[in-house]
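Examining the three-dimensional arrangement
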Amino acid sequence: MPISLSAVILAGGQGKRMGGVDKGLQLLQGKPLIQHILQRLQPQLPHIAINANRHLPQYAQYGYPVFNDELAGFQGPLSGMLTGLKRATSDYVLFVPCDCPYFPLNLVEKLSQAVQQGALVAYADDGQRGHPTFCLLSTQLISPLNSYLAQRQRKVLVFFQQQQAIAVDFSEQKQAFININQWQDLHENKV
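Source: prediction; values computed, not measured.

**Regarding the overall build of the protein chain**
For the protein chain, the count of helices and strands is seven helices and nine strands. The C-alpha radius of gyration of the protein chain comes to 15 Å, within 12% of the 16 Å expected for a compact globule of 191 residues. The principal-axis extent of the C-alpha atoms belonging to the protein chain is close to 40 × 40 × 30 Å. Residues counted as buried form 50% of the 191 residues belonging to the protein chain. Of the contacts made within the protein chain by residues no fewer than 6 positions apart, 70% connect residues no fewer than 24 positions apart.

**A closer look at the layout of surface pockets**
There is about 930 Å³ of room inside the largest pocket. Forming the walls of the largest pocket are 37 residues, and the residues nearest its centre are R17, K23, P77, D99 and T133. Contributing elements (two or more residues each) for the lining of the largest pocket: strand 1 (5-11), strand 8 (130-138) and helix 6 (156-162). When grouped by side-chain class, the residues that make up the lining of the largest pocket number 14 nonpolar, 14 polar and nine charged. Contributing to the lining of the second largest pocket are 17 residues, with S6, H47, A49, A88 and T89 lying nearest its centre. The set of elements that each furnish at least two residues to the lining of the second largest pocket consists of strand 1, strand 4 (48-52) and helix 3 (77-87). No other element matches the four residues that strand 1 contributes to the lining of the second largest pocket. Classifying every residue of the lining of the second largest pocket gives ten nonpolar, six polar and one charged.

**With respect to the environment of D69**
Structurally, the position occupied by D69 is in the loop between strand 5 (66-67) and helix 3. Taking the relative accessible area as the measure of exposure, D69 reaches 10% and is therefore buried. When the C-alpha atoms of D69 and T83 are compared, they prove to be 5.8 Å apart, with 14 residues separating the residues in sequence. If we skip the residues at most four places from it in the chain, D69 touches N51, N53, G76, S79, G80 and T83. At 3.2 Å, the side chain of D69 and the side chain of S79 are in polar contact.

**Observations concerning helix 4 (residues 107-115)**
The buried fraction of helix 4 amounts to seven of the nine residues, a majority that puts the element mostly inside the structure. Within the sequence span of helix 4, burial applies to L107, V108, K110, L111, S112, A114 and V115. Buried residues in helix 4 make contact with strand 1, strand 6 (92-97), strand 7 (121-125), strand 8 and strand 9 (166-169).

**Some details on the pairing of strand 1**
For a regular strand, side-chain orientation follows a simple rule: the groups alternate between the two sheet faces. The buried fraction of strand 1 is high, at seven of seven residues. Because side chains alternate across strand 1, one face comprises the buried residues L5, A7, I9 and A11, and the other comprises S6, V8 and L10, equally buried. When strand 1 meets strand 6, the two strands line up parallel, connected through six bridges. Paired with V8 across the bridge in strand 6 is F95.

**Details of the UniProt feature "binding site: GTP" (unreviewed entry) in the protein chain**
The residues that UniProt annotates with the feature "binding site: GTP" (unreviewed entry) are L10, A11, G12, K23, N51, D69 and D99. Here, the largest pocket is lined by L10, A11, G12, K23, N51, D69 and D99 out of the annotated residues. With respect to the helices, strands and loops of the structure, D99 is situated in the loop between strand 6 and helix 4. Its relative accessible area of 9% is what places D99 among the buried residues. Beyond its immediate sequence surroundings of up to four residues, D99 is in contact with K23, L33, I178, N179, I180 and N181.

Analysis parameters
Residues numbered from 1 in each chain as written. Predicted model: local features only at pLDDT ≥ 70, side-chain atom pairs only at ≥ 80, totals over all residues. Heavy atoms only, no water. Helix = DSSP H or I, 4+ residues; strand = E, 2+ residues; numbered from the N terminus. Rg over C-alpha atoms; globule rule 2.2 N^0.38 Å. Buried < 20%, exposed > 50% of the residue type's maximum accessible area, 1.4 Å probe, protein only. Contact = heavy atoms within 4.5 Å. 1 Å grid on protein atoms, 1.4 Å probe; cavity = no way out; pocket = protein on both sides within 12 Å on 5 of 7 lines; lining within 4 Å. Points joined across faces, edges and corners; volume = space filled by probe spheres on them. Nonpolar A, V, L, I, M, F, W, Y, C, P; charged D, E, K, R; others polar. Polar contact = N/O pair within 3.5 Å; in protein donor to acceptor, adjacent residues only side chain to side chain. Pairing = 2+ DSSP bridges. UniProt positions renumbered as here; feature names shortened; annotations may be inferred.

Right, here's the structure in full:
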């Protein structure tokens, strides 16, 4: 039986390593990062929402639903994931961060193949390290994720491991996971 999918772009971080800027709105090659993400995501999945904790009107200009974390205080990607799962009308939600503008164009295809056997979590791995903010999560994880965050736990991979997550091999596309963490990354990363 086919599973239904939707997507959430995680743009709710504090951007600490860039002096507290809203990373999704920073310009790369003349376009905000959020626009780069949408251009790669739209062909893969039409049902998209944006998770942001600041500048919601700017994100809303792209024509997709925008929502902030239910949990206050910038509690990390899992907080955005929890809110995204609670809002979902699909079986699974794909999450992608707003600061990786070159992510694989077959991300949805490969992650969804991994969960077809009933796994609740699949995430990208480039062969050297995991990229857990590129993940497909079942809405069945709302309760365990809520409990995990209530215990003040924030480590994404630890939670995924507790859920017997599947790491999906993207080692043939290592460059796809370059992320923008510093100001100079906006000028150097021309893949």
